[in-house]
Amino acid sequence: MGVRSWFEGWPVYRQLTGTDPLGRGAAAKSDGSRALTARTDTADSMARSVCPYCAVGCGQRVFVKDGQVSQIEGDPDSPISRGRLCPKGSASKSLVTSPLRQTTVRYRRPYGTEWEDLDLDTALNMIADRVLAARDETWEDVDAEGRPLNRTLGISSLGGATLDNEENYLIKKLFTAMGALQIENQARI
């Protein structure tokens, strides 16, 4: 590289002699920065989602490359957040991709001291068995005066802040069909 080409490659020279006198555009770019691309440009697909933290419901764009989440950013089409995310929402990629994230069902037996991994089918069957047992043990057909009740007080539901209307509707229908009365949602707003 000669002195002339080195000098012409200098950002200040490009700024003073080019069309970018403030040095905020082409004059400030180096060969390295010209070669950079956004992580979202190389994604295979993009899915829209809702931030998992609070009940505001900020929209997110989840970018996927090679079957893995590569970037999560605010969704500019969201009427709620208009592309903005709080610090927790901005860092939600680490929630999904952290090497410390549990990806298996963990179970500790009663009076046990160690956790063990269970396959999903076993865990779901255990939950179903316990729900049915609690329902059977606490089922009330009628009250003391013979009026029909058809309910159980042994099962309840407390929904989280990030459940959307459709999920809340389905949870309410499921628990009502099982005879539960205590069905709440903790929305923090």
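Residues numbered from 1 in each chain as written. Predicted model: local features only at pLDDT ≥ 70, side-chain atom pairs only at ≥ 80, totals over all residues. Heavy atoms only, no water.

The name given to the protein in an unreviewed UniProt entry is Formate dehydrogenase, with Micromonospora noduli as the source organism. Here the protein is described in UniProt, under the heading Sequence similarities (unreviewed entry), as follows: "Belongs to the prokaryotic molybdopterin-containing oxidoreductase family." UniProt annotates the protein under Cofactor (unreviewed entry) with the comment "[4Fe-4S] cluster". (UniProt positions renumbered as here; feature names shortened; annotations may be inferred.)

Caption draft 1: Structural context of the environment of Leu181. For Leu181, the location among the structural elements is in strand β8 (residues 180-185). Leu181 gets classed as partly exposed once you look at its relative accessible area, which sits at 48%. C-alpha of Leu181 to C-alpha of Arg151: the two residues are 30 residues apart in sequence and 7.2 Å apart in space. Among residues more than four places away in sequence, those in contact with Leu181 are Arg151, Thr152 and Leu153. (Helix = DSSP H or I, 4+ residues; strand = E, 2+ residues; numbered from the N terminus. Buried < 20%, exposed > 50% of the residue type's maximum accessible area, 1.4 Å probe, protein only. Contact = heavy atoms within 4.5 Å.)

Caption draft 2: Structural detail: the sheet that holds strand β3 (residues 68-74). Taken together, 3 strands build an open sheet; the order of strands is β1-β2-β3 and the sheet is antiparallel. Looking at which strands have only one partner, the edges of the open sheet turn out to be β1 (45-50) and β3. Sheet twist, expressed as the average angle between the axes of neighbouring strands with direction ignored, equals 30 degrees. With 6 bridges joining them, β1 and strand β2 (residues 59-65) adopt antiparallel strand pairing. Residue pairing in the sheet places Ala47 in a bridge with Val62 of β2. (Pairing = 2+ DSSP bridges. Axes fitted to C-alpha atoms, helices over the stretch in contact; angles between N-to-C directions.)

Caption draft 3: Geometry of the sheet that holds β8. The strand order across the open sheet built from 3 strands is β6-β7-β8, with neighbouring strands paired in mixed fashion. Both edges of this open sheet fall to β6 (139-142) and β8, since each of them pairs with a single strand only. Direction aside, neighbouring strands of the sheet carry axes that sit 30 degrees apart on average. Sheet analysis places β6 next to strand β7 (residues 148-159), joined by 3 bridges and oriented antiparallel. Of the residues in β7, the one forming a bridge with Trp139 is Thr152. Taken strand by strand, helix α6 (residues 120-138) contacts β6 and β7, and its axis lies near 140 degrees from that of β7. In the packing of helix α7 (residues 165-177) onto the sheet, the strands contacted are β7 and β8, and the crossing angle to β8 comes to about 165 degrees.

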